[in-house]
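Here is how the chains run, residue by residue.
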Amino acid sequence: QVQLVESGGGLVQTGGSLRLSCAASGRSFTGVTMGWFRQTPGNEREFVAVLWRNTGRTYYADSVKGRFTISRDNAKSTVYLQMNSLKPEDTGVYYCAADPTIIFSSIFDSRAYDYWGQGTQVTVSS
């Protein structure tokens, strides 16, 4: 079992920055693939960024590439999403996801993750 708690969301103006945090507990944090997804009303949860457990490599949705950075602090069992140059279309509820056994071909698919946080709202005003 993995418990995830997100924090750091809020209201920011276009061009601003936010850093989301996701604190994990319940099992060893190492060897777990960690991802961020976001969701807006009426839409499915969409992939934002992921940190692949086997290599530590990071992958991003095209819409956030160059603006967002996912990172992890194993000592704190926490994964971060640094969001810069925010746009109104980045608005949504951001969810942290974790899975210790997910295969690489599924890391961009929200349906493949076993563990989720409660979500944190990010609102970017124009």
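This report concerns the structure included in the present document. Source: prediction; values computed, not measured.

### Considering empty space enclosed by the protein
Part 1 of the reasoning: Applying the stated criterion across every chain yields a total of one cavity of 30 Å³ or more.
Part 2 of the reasoning: Within this model, the largest cavity holds a volume of roughly 30 Å³.
Part 3 of the reasoning: Every residue along the wall of the largest cavity is listed here: Val 2, Ala 24, Arg 27, Ser 28, Phe 29, Val 32, Met 34 and Ala 98.
Part 4 of the reasoning: A per-class count over the lining of the largest cavity returns six nonpolar, one polar and one charged.

### Details of the pattern of salt bridges
Part 1 of the reasoning: Applying the stated criterion across every chain yields a total of five salt bridges.
Part 2 of the reasoning: Residue Glu 46 is joined to Arg 38 by a salt bridge in which the shortest nitrogen-to-oxygen separation is 2.6 Å.
Part 3 of the reasoning: The exposure class of Arg 38 is buried, given its relative accessible area of 6%.
Part 4 of the reasoning: One salt bridge connects Arg 111 with Asp 109, and the closest N-O pair in it is separated by 3.1 Å.
Part 5 of the reasoning: Residue Asp 109 is classed as partly exposed on the basis of its relative accessible area, which comes to 25%.
Part 6 of the reasoning: Here the salt bridges do not stand alone but share partners, grouping Arg 38, Glu 46, Arg 67 and Asp 90 into one network.

### A closer look at the sheet that holds strand β8 (residues 78-83)
Part 1 of the reasoning: Pairing within the open sheet is antiparallel, and its four strands lie in the order β1-β3-β8-β7. Pairing within the sheet leaves two strands with one partner each, and these edge strands are β1 (3-7) and β7 (68-73). Neighbour-to-neighbour, the strand axes of this sheet turn through a mean angle of 15°, independent of strand direction.
Part 2 of the reasoning: As paired strands, β1 and strand β3 (residues 18-25) are joined by five bridges and run antiparallel to one another. Of the residues in β3, the one forming a bridge with Leu 4 is Ala 24.

### Observations regarding the side chain of Thr 120
Part 1 of the reasoning: Looking at where Thr 120 falls in the secondary structure, it is placed in strand β11 (residues 120-125).
Part 2 of the reasoning: Here Thr 120 falls in the buried class, since its relative accessible area comes to 11%.
Part 3 of the reasoning: A polar contact is formed between the side chain of Thr 120 and the backbone nitrogen of Gly 9, at a distance of 3.2 Å.
Part 4 of the reasoning: Every residue in contact with Thr 120, bar those within four places of it in the chain, is listed here: Glu 6, Ser 7, Gly 8, Gly 9, Leu 20, Gly 92, Val 93 and Tyr 94.

Parameters and conventions
- One numbering rule holds for all chains: residues counted from 1, following each sequence as written.
- The model is predicted, so local features are restricted to residues of pLDDT at least 70 and side-chain atom pairs to those at 80 or more, both for listing and for counting; the totals for chains, interfaces and linings are taken over all residues.
- Note: side-chain values were computed over all heavy atoms of the structure, leaving out hydrogens and water.
- The distinction between a cavity and a pocket rests on a 1 Å grid over the protein atoms alone: a 1.4 Å probe fits inside a cavity but cannot get out, while a pocket stays open yet meets protein on both sides within 12 Å along at least five of seven lines, and a residue with an atom within 4 Å of a point counts as lining.
- Grid points are joined across faces, edges and corners, and a volume is the space filled by probe spheres set on the points.
- Gly counts as polar in this scheme, as do all residues outside two lists: the nonpolar Ala, Val, Leu, Ile, Met, Phe, Trp, Tyr, Cys and Pro, and the charged Asp, Glu, Lys and Arg.
- The rule for a salt bridge is simple: a side-chain nitrogen of Lys or Arg has to be within 4 Å of a carboxyl oxygen of Asp or Glu.
- The buried label goes to any residue with under 20% of its type's maximum accessible area, the exposed label to any with over 50%, and the partly exposed label to all in between, with areas taken from a 1.4 Å probe on protein chains only.
- At least two DSSP bridges between two strands are needed for those strands to be called paired.
- We count a stretch as a helix when DSSP gives it H or I for four or more residues in a row; a strand needs E for two or more, and each element gets its number in order from the N terminus.
- Every axis corresponds to a line fitted to the C-alpha atoms, with the helix fit spanning only the stretch in contact, and the corresponding angles, defined between N-to-C directions, vary from 0 to 180 degrees.
- Here a polar contact is taken to be a pair of N or O atoms separated by no more than 3.5 Å, where protein atoms must pair a possible hydrogen donor with a possible acceptor and residues adjacent in sequence count only if both atoms sit in side chains.
- By definition, residues are in contact when any of their heavy atoms lie within 4.5 Å.

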